[in-house]
Amino acid sequence: MAWYNEVVVKIVAAINQSLPQPVVGASDLLVPPQAELGDLSWPCFAVAKQFSLSPAELAKDLAGKLTVLALPEIESWQAVGPYLNCHLSKTQLAQAIIGEIDNQGIDYGRSTVGQGQRIMIEYSNANTHKEYHVGHLRNLFFGDSVQRILKFCGYQVVPVSYLNDFGIHIAKVIWKLNQLPANQTLPANRGFFLGQIYVQASQELKDKPEYQTEISAIMQRLEAKLEPEYSRWKETRQWSIDQFNNIYQELDIKFEQTFFESDYLEAGQEIVKAMLADGRLEKSQGAVIANLESENLGVLPILRSDGTSLYPVADLPLAQAKFDNYQLDQSWYVIDERQSLYIEQLAAVLHRLGVDKPIRHLSYSFVKLPSGMMSSREGTVVTYEDLKEQLLARETEEIYRRHKDWTDEQKKQTAWQVVAGALKFEMIKVGADKPITFDINQALSFEGFTAAYIQYAAVRLAAITRQAKDVELTAELILDEPLEKNLLLRLARFSQTVELTANQTDPSILAKYLFELAQAFNDYYQKIRIIGSDQSASRLRLVKAVRQVLVNGLNLLGINAPEAM
């Protein structure tokens, strides 16, 4: 167990030992809002009533009892109104925390709270034949950061992607492609081209509903695997898959498996037939539905009235296959908040199939542009390619201006690290239940709550270490400044922050922690001399520790910490 966690356990045990009966848990301890009030605090409100005391009386009584205990990790106990506060030993705190970070390096903060739990997380559920846009990035980065954090906490995580590669949107794209000249030269990024074709088709069909019969006919031929539509689908599907794989590679996103909707349609249709035959599904106006009214979940359409499949047809056998083939304890879906009812309905139908292991919806809110909501169908999205190029152009210009002596490769690599960090952080720093308005100017800013601010703090820390390469680092640590203790306490709480982030599946908690750690270091850097001071050896060890934690935390968000910017 980490030193800080051991201290928390000792504090809880000491308080319980001083009470008539043990009532305090580790989660009851708080971090005071002001450093002078202590490093950890226990509010006495609720417990004082049990012992017929006022909260202030209980706090004062406990402070007196605990002061005489021999706990070397505790410097002092103090009663402040209804709160029992304690100050940790600066010497022990410094030796323990910096020693742990030195020894554990990239593993500092790792825990085993999830040991024995195997979870599959499905994210990046994009549609082939459509644009990959800024809205998809929230799904991608949310899912990726959650799986990274869970792995760091000891969970066995299986990250997977699911591509909707079969549906009415593909029939629309093929309908429009059939209108293009046979000798038309296609662009290199054909997946991106398909997205443009989808927008054109959607806009034309909106004004010409008489063409819906043609779309329905193409869809029926696709499901029947008839030519030439079926071969055209396979060819163009690969264009989208190639595009997605390039995006994942650029952004360092890795999946253990990619599932395709088309691979599960036949099995799903057999399930639908069986459930329809025994009454678990029913017909309504020619369509097949799951009537879930008795469970207050409304009606879930399964097949359209023309017999073509809707999403549940593939989702049902895929959900079964996940549990059957991967020995999962839970299956999680990262899908936007509009699908909350659908996930509940899917779970209800799976229950009718005898699949009772838990599935969980990790929902998230919308991504908006400053001008308003986005829509693929209306062509009002910012595609990944367009956004990437805009951000890269701005950051590359800035890098070239500041670092004329760098090689082109250095400039390009650093610009991409900043751009990728900005893309990821902007999608992670806000709680999943809140909408995001993506602002390009804000994303690349070196000021405020941004990835660039944190990355630059990590760069400054690396630069200090390089400048002081001749300073001999000693085992003895002298870190007496209050700002130094503030940094040490923040470093000590890294593991707790990661565990809290995992428990709440909320990467914004970790993002805020890293920002506040960077802020605390920048404040320290402005006020305390590091190189050339009498405590330079100790302070350099602190600098290295702060950078290591920033590197570890950024890595859990999928973000690189550059050596220079």
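Just so it is clear, the model here is predicted, and its values are computed rather than measured.

Colleague: How do you make sense of helix H11 (residues 311–326) when you look at a structure like this?
Modeller: An α-helical turn contains 3.6 residues, so any two residues separated by three or four positions project in the same direction. Taking 1.5 Å of rise per residue, the 16 residues of H11 would be expected to cover 22 Å, and the 22 Å separating its terminal C-alpha atoms lies within 8% of that figure. Judged by how many residues are buried, H11 sits mostly within the fold: twelve of 16 residues are covered. Residues of H11 that are buried include every one of Pro312, Val313, Ala314, Asp315, Leu316, Pro317, Leu318, Ala319, Ala321, Lys322, Phe323 and Tyr326, and no others.

Colleague: Where do I start with the packing of aromatic side chains in this structure?
Modeller: The full count for this structure, using the stated rule, is 17 aromatic pairs. Between phenylalanine 142 and tyrosine 364, the aromatic rings sit 6.4 Å apart at their centres with planes inclined by 75°, giving edge-to-face as the arrangement. Residue phenylalanine 142 is located in helix H5 (residues 134–152), and its partner tyrosine 364 is located in the loop between strand E11 (359–362) and strand E12 (367–368); the two are separated by 222 residues in the primary sequence. For phenylalanine 142, a relative accessible area of 7% corresponds to the buried category. For tyrosine 364, a relative accessible area of 9% corresponds to the buried category.

Colleague: Where do I start with the pairing of strand E10 (residues 330–334) in this structure?
Modeller: Where a strand is regular, its side chains alternate between the two sheet faces. In terms of residue burial, E10 counts as a mostly covered element, since four of its five residues are buried. In this sheet, E10 lies alongside strand E4 (residues 118–123) in parallel orientation, the contact comprising four bridges. Note on E10: the bridge partner recorded for methionine 120 is serine 331. In terms of strand pairing, E10 meets E11 through four bridges, oriented parallel. Within E11, the residue paired with valine 334 across the bridge is leucine 362. In this region the chain leaves E10, passes through helix H12 (residues 340–352) and returns to the parallel neighbour E11; the handedness of that crossover is right-handed.

Colleague: Looking at this structure, how should I read the sheet that holds E10?
Modeller: Within a beta sheet, neighbouring strands are joined by backbone hydrogen bonds and run either parallel or antiparallel to one another. Strand order in the open sheet made by the five strands is E6-E5-E4-E10-E11, with parallel pairing throughout. Strands at the two margins of the open sheet, each flanked by one partner only, are strand E6 (257–260) and E11. Across this sheet, the average inter-strand angle for adjacent strands is 25°, counted without regard to direction. Together, E10 and E11 form the strand contacts of H12, whose direction differs from that of E11 by roughly 175°.

Colleague: Where do I start with the nonpolar core in this structure?
Modeller: Generally speaking, nonpolar side chains in soluble globular proteins are found buried as a group. Of all hydrophobic cores here, the largest spans 129 residues; its most connected members are Ile11, Ile15, Trp42, Leu137, Leu140 and Leu251. Per-element accounting of this core gives the leading share, ten residues, to helix H19 (residues 507–527). Setting aside anything within four residues of it in sequence, one finds leucine 137 in contact with Tyr132, Leu251, Tyr384, Leu387, Leu423 and Met427. Counting 51 residues, the second largest nonpolar core, distinct from the first, contains Val158, Tyr162, Met275 and Leu316.

Colleague: Can you help me understand the packing of H5 against helix H14 (residues 408–428) in this one?
Modeller: Helix-helix packing: each pair is described by the crossing angle between the helix axes and the interaxial distance. Taken N-terminus to C-terminus, the directions of H5 and H14 make an angle of 80°; their axes are 9 Å apart at the nearest point. On the basis of the axis angle, H5 is roughly perpendicular to H14. Between H5 and H14, the contacting residues are Val134, Leu137, Arg138, Phe141 and Ser145 on the first element and Leu423, Lys424, Met427 and Ile428 on the second. Its residues assigned to classes, the contact of H5 with H14 comprises six nonpolar, one polar and two charged.

Colleague: What should I look at first to understand the pattern of salt bridges in this one?
Modeller: Close approach of charged atoms allows side chains with opposite charge to pair. Applying the stated criterion across every chain yields a total of 30 salt bridges. With a closest N to O distance of 2.9 Å, glutamate 250 and lysine 388 form a salt bridge. Of the two residues, glutamate 250 is situated in helix H9 (residues 229–250) and lysine 388 in helix H13 (residues 384–402); the sequence distance between them amounts to 138 residues. Given a relative accessible area of 11%, lysine 388 falls into the buried group. Across the pair glutamate 398 and arginine 402 runs a salt bridge whose closest N-O atoms are separated by 2.9 Å. On the criterion of helical spacing, the pair formed by glutamate 398 and arginine 402 is a turn pair, its members being four residues apart in helix H13. For arginine 402, a relative accessible area of 28% gives the class partly exposed. One continuous salt-bridge network, built from bridges that share partners, spans Asp144, Arg148, Asp252 and Lys254.

Colleague: Just checking my understanding: could you explain the environment of phenylalanine 446 for this structure?
Modeller: For phenylalanine 446, the location among the structural elements is in the loop between helix H15 (440–443) and helix H16 (451–467). Judged by its relative accessible area of 24%, phenylalanine 446 is partly exposed. A C-alpha to C-alpha distance of 45 Å links phenylalanine 446 and glutamine 327, two positions 119 residues apart in sequence. If sequence neighbours within four positions are ignored, phenylalanine 446 has contacts with Arg402, Ala452, Tyr453, Tyr456 and Met565.

Colleague: Mind showing me how you'd approach the sheet that holds strand E8 (residues 287–291) here?
Modeller: In spatial order, the strands read E7-E8-E9; together these three strands make up an open sheet with antiparallel pairing. Strands at the two margins of the open sheet, each flanked by one partner only, are strand E7 (282–284) and strand E9 (299–303). Strand-to-strand twist in this sheet, taken as the mean axis angle between neighbours without regard to direction, amounts to 45°. Summarising the sheet, E7 and E8 pair through three bridges and their orientation is antiparallel. Each residue of the ladder has a partner; that of lysine 283, found in E8, is valine 288.

Colleague: Even after reading the chapter, I still don't get the environment of lysine 429, so can you show me in this structure?
Modeller: If you trace the backbone, lysine 429 turns up in the loop between H14 and strand E13 (436–437). Separated by 77 residues in sequence, lysine 429 and aspartate 506 place their C-alpha atoms 9.2 Å apart. The residues contacting lysine 429, other than those within four sequence positions of it, are Gln442, Phe449, Ser508 and Ala511. Here the side chain of lysine 429 touches glutamate 426 through a polar contact of 3.2 Å, side chain to side chain. Of the polar contacts made by the side chain of lysine 429, one reaches the backbone oxygen of phenylalanine 449; its length is 2.8 Å.

Colleague: Would you explain the packing of helix H6 (residues 168–177) against helix H7 (residues 190–207) in this entry?
Modeller: Where H6 contacts H7, the axes come no closer than 8 Å and their chain directions differ by 90°. Overall, the two elements H6 and H7 adopt an arrangement that is roughly perpendicular. Contact residues: H6 offers His169, Lys172, Val173, Trp175, Lys176 and Leu177, while H7 offers Phe193, Leu194, Ile197, Tyr198, Gln200, Ala201, Glu204 and Leu205. When grouped by side-chain class, the residues that make up the contact of H6 with H7 number nine nonpolar, two polar and three charged.

Colleague: Looking at this structure, how should I read H16?
Modeller: A rise of 1.5 Å per residue sets the reference length of H16, with its 17 residues, at 24 Å; its end C-alpha atoms lie 24 Å apart and thus fit the reference within 8%. Most of H16 is tucked away: twelve of the 17 residues are buried. On its buried face, H16 sits against H14, H19 and helix H20 (536–556).

What counts and how
- Residues numbered from 1 in each chain as written.
- Predicted model: local features only at pLDDT ≥ 70, side-chain atom pairs only at ≥ 80, totals over all residues.
- Heavy atoms only, no water.
- Helix = DSSP H or I, 4+ residues; strand = E, 2+ residues; numbered from the N terminus.
- Expected span 1.5 Å × (residues − 1).
- Buried < 20%, exposed > 50% of the residue type's maximum accessible area, 1.4 Å probe, protein only.
- Phe/Tyr/Trp six-rings, centres within 6.5 Å; stacked < 30°, edge-to-face > 60°.
- Pairing = 2+ DSSP bridges.
- Right-handed = clockwise from strand over helix to strand, strands pointing away.
- Axes fitted to C-alpha atoms, helices over the stretch in contact; angles between N-to-C directions.
- Contact = heavy atoms within 4.5 Å.
- Core = buried A, V, L, I, M, F, W, Y, C linked by side-chain atoms within 4.5 Å.
- Parallel < 35°, antiparallel > 145°, perpendicular 65-115°, else oblique.
- Nonpolar A, V, L, I, M, F, W, Y, C, P; charged D, E, K, R; others polar.
- Salt bridge = Lys/Arg side-chain N within 4 Å of Asp/Glu carboxyl O.
- Polar contact = N/O pair within 3.5 Å; in protein donor to acceptor, adjacent residues only side chain to side chain.

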